[in-house]
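# An overview of the molecular structure
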Amino acid sequence: MPAPYRHDARHGKSFNLLLLIYALTLLFFACQAHAEVDSSAVSSDLPSDVLPVLIRLNINRIPVKNTVTALRSSDEVWWLPSDILRKERIQLPTAKPLYFNGVAFYSVQDIGSQDIDFETASQTLNIQFSASAFQLFRLAPEAPIPSAAYPTSSGLFVNYDLLWEQNPAGSRQSLISELGAAVGPGVLTSSHAYFRLGEADTHLRLDTTYTLDRPGDRASWRFGD
């Protein structure tokens, strides 16, 4: 008598798992083939003798902060990316650039380089550009400030230093003072010194000046002795 048919759930799960692995394998190879097509399409703009290289870059003896991806041909012609040129404030030439990974690369010869040296040991490219290769900036002079913008005011001030000394010869007192007054658009100051040694008094006028400030003209005038 034949045995009754039994459905094994484990065999069904194993079959489904195999189908899933097969589908994922096909998807992986399809994605890899698509990536290879995209990679060839991106680099197809480069001539056969031009290759991308990762270098260190010095422009007019000033090192660029990070490593740079540049293009190099078999006859030692170099191309630099447009973002680096803009960052270093170098004018982009009108010549047609090369494109790699969606970035425009411009020939160093078209920019106007004076000297190029590549150090193979350190993978460093040293470029000396002429002054005309850089962008020009003009600084506009500051607008003159009218003197009326600084209102004048009146006032008085006094600065002084008082000194008292005691020694076997007797006592000595001295006073150094500065008197000042705001007069019109300027300031009048006068410095004096007073000395008392025993019963003798001495007074000296050190200086007297009148200072006239004109910020609108960026000038200051001082008169006195």
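Here is what the cut-offs are and how they apply
Residues numbered from 1 in each chain as written. Predicted model: local features only at pLDDT ≥ 70, side-chain atom pairs only at ≥ 80, totals over all residues. Heavy atoms only, no water. Helix = DSSP H or I, 4+ residues; strand = E, 2+ residues; numbered from the N terminus. Buried < 20%, exposed > 50% of the residue type's maximum accessible area, 1.4 Å probe, protein only. Contact = heavy atoms within 4.5 Å. Areas by Shrake-Rupley, 256 points an atom, 1.4 Å probe, with all protein chains shown as cover. Salt bridge = Lys/Arg side-chain N within 4 Å of Asp/Glu carboxyl O. Core = buried A, V, L, I, M, F, W, Y, C linked by side-chain atoms within 4.5 Å. Polar contact = N/O pair within 3.5 Å; in protein donor to acceptor, adjacent residues only side chain to side chain. Pairing = 2+ DSSP bridges.

### Comments concerning the overall build of the chain
What the chain contains, in helices and strands, is three helices and 13 strands. Out of the 225 residues in the chain, the part that is buried amounts to 23%. Within the chain, contacts between residues at least 6 apart in sequence are counted, and of these 38% link residues at least 24 apart. Accessible area for the chain stands at about 17000 Å²; split by element, carbon and sulfur atoms hold 59% of it.

### Looking at the pattern of salt bridges
Counted by the stated rule, this structure contains two salt bridges. Residue Glu76 is joined to Arg72 by a salt bridge in which the shortest nitrogen-to-oxygen separation is 2.7 Å.

### Looking at the nonpolar core
Leu57, Trp78, Leu80, Leu125, Ile127 and Phe129 are the most contacted members of the largest nonpolar core, which has 20 residues in total. When contributions to this core are tallied by element, the ones reaching two or more residues are β1 (50-59), β3 (68-73), β4 (78-81), α2 (82-87), β6 (103-107), α3 (108-111) and β8 (124-129). Contacts of Leu80, omitting those with residues within four sequence positions, involve Leu57, Ala70, Leu85, Ala104, Phe105, Tyr106, Val108, Leu125 and Ile127. Counting residues in each nonpolar core, the second largest holds eight residues, with Val50, Trp79, Leu98 and Phe105 among its members.

### Some remarks on the side chain of Thr189
Along the polypeptide, Thr189 turns up in strand β11 (residues 186-197). Judged by relative accessible area, Thr189 falls into the buried class, the value being 13%. Polar side-chain contacts of Thr189 include one of 2.8 Å to the side chain of Thr209. Not counting residues within four places of it along the chain, the set of residues in contact with Thr189 comprises Phe157, Glu178, Leu179, Gly180, Asp207, Thr208 and Thr209.

### Re the pairing of β6
If a strand is regular, its side chains alternate between the two faces of the sheet. Judged by how many residues are buried, β6 sits mostly within the fold: four of five residues are covered. With three bridges joining them, β4 and β6 adopt antiparallel strand pairing. Opposite Leu80, over in β6, you have Tyr106 as the bridge partner. Direction of pairing for strand β5 (residues 98-100) relative to β6: antiparallel, over a ladder of three bridges.

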